[in-house]
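Here is what each chain is made of, one letter per residue.
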Amino acid sequence: MSWGFERGRVYNRRADIHGRFGGQQQGGIITPSKHKLVIIITGEEGLEHGYADRQRPDGVFEYFGEGQVGNMTMQRGNAAVANHSTNGASLLLFRKTPAGLRFEDEYVYDAHHFEKAPDRLGNMRDAIVFELRPVAAVVEKVEEMAPASPDLSELRRRAFAAANATPGKSKSTASVFERSRDVRDYVVARAKGRCEGCAQSAPFVRANGVPYLEPHHIRRLTDGGPDDPRFMIALCPNCHRRVHSGADGSQYNGQLLASMKAIEA
Ligand SMILES: [Zn+2]
Ligand SMILES: [Zn+2]
């Protein structure tokens, strides 16, 4: 479940997306102004012009940006996709089907490149192709990655560098896995073995000697991918489950957000 959407289920764009979140009624990228959410739709314009979004064997989903005529530019919807992590927004992919929009998965922006592709008038132009990874794959891989560095100030420097990485270049130097790991490692090290929610000691120590705490993204409904360390908190498993599953979860999340001002000045 991501934002109440179930994978593989078909939704009505008007009722289930615009009815709940607002956002642009036209086009393949929806950026509701009142929610930390970017919704992208595949299977739309590209096909009739001779190109289409595609699934790469390495797990990356390649998604063509928006812009009907001329070169695509990193503005509006395209910028929202590239910057969703920095902005704390979730990125949800839907596929257009005859019955409606099928929810595919929640993704994380990794990189983008430019490709020659025809525009609506049939002229070749530079198209932006986003390289997206399923958020679950990022979480799983980062979980397996060893801590980056034992030095807190070095971790902090890397975490803020990862959070502020501007996707202006065609290829960012660090992968989304490395950036996500850097932010995680810093946030966990910052906690110094105590849950930043309830202040209890971590319940146990990992095999590598690091106290077990879980990184939580305060601005998103799901965790995964890099985020600004000012909006990430290290929680014990109890506090973490409380935020995501508790009756007072969103209230507790608001409390954590308020406490971040003291944790990360
Ligand atoms: Zn706790
Ligand atoms: Zn969480």
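Residues numbered from 1 in each chain as written. Chains lettered and ligands numbered in written order. Predicted model: local features only at pLDDT ≥ 70, side-chain atom pairs only at ≥ 80, totals over all residues. Heavy atoms only, no water.

Draft legend 1. Main features of the coordination of the zinc ion (ligand 1). The zinc ion (ligand 1) binds to the protein through C195 (SG), C198 (SG), C236 (SG) and C239 (SG); the donor distances cover 2.2 to 2.4 Å. Considering all 4 donor atoms around the zinc ion (ligand 1), angles at the metal cover 106 to 113° and the coordination shape is tetrahedral. Counting the intervening residues between successive donors of the zinc ion (ligand 1) yields the motif C-x2-C-x37-C-x2-C. Of the two residues, C195 is situated in the loop between helix 6 (176–190) and strand 9 (214–217) and C239 in helix 7 (residues 237–245); the sequence distance between them amounts to 44 residues. Under the relative-accessibility criterion, C195 is labelled buried at 3%. Its relative accessible area of 7% is what places C239 among the buried residues. (Donors = N, O, S within 2.8 Å, 3.2 Å for Na, K, Ca; no water. Tetrahedral: all angles 85-135°; square planar, octahedral: opposite > 155°, others 65-115°. Helix = DSSP H or I, 4+ residues; strand = E, 2+ residues; numbered from the N terminus. Buried < 20%, exposed > 50% of the residue type's maximum accessible area, 1.4 Å probe, protein only.)

Draft legend 2. Spotlight on unusual backbone geometry. One non-glycine residue, R76, lies in the positive phi region at around 40°. The residue R76 is located in helix 3 (residues 76–82) in this model. R76 gets classed as exposed once you look at its relative accessible area, which sits at 66%. The backbone of A199 shows a phi angle near 70°, a positive value even though the residue is not glycine. With respect to the helices and strands, the residue A199 is situated in the loop between helix 6 and strand 9. Take A199: its relative accessible area is 44%, and that puts it in the partly exposed class.

Purely spatial values, then, with no claim about function.
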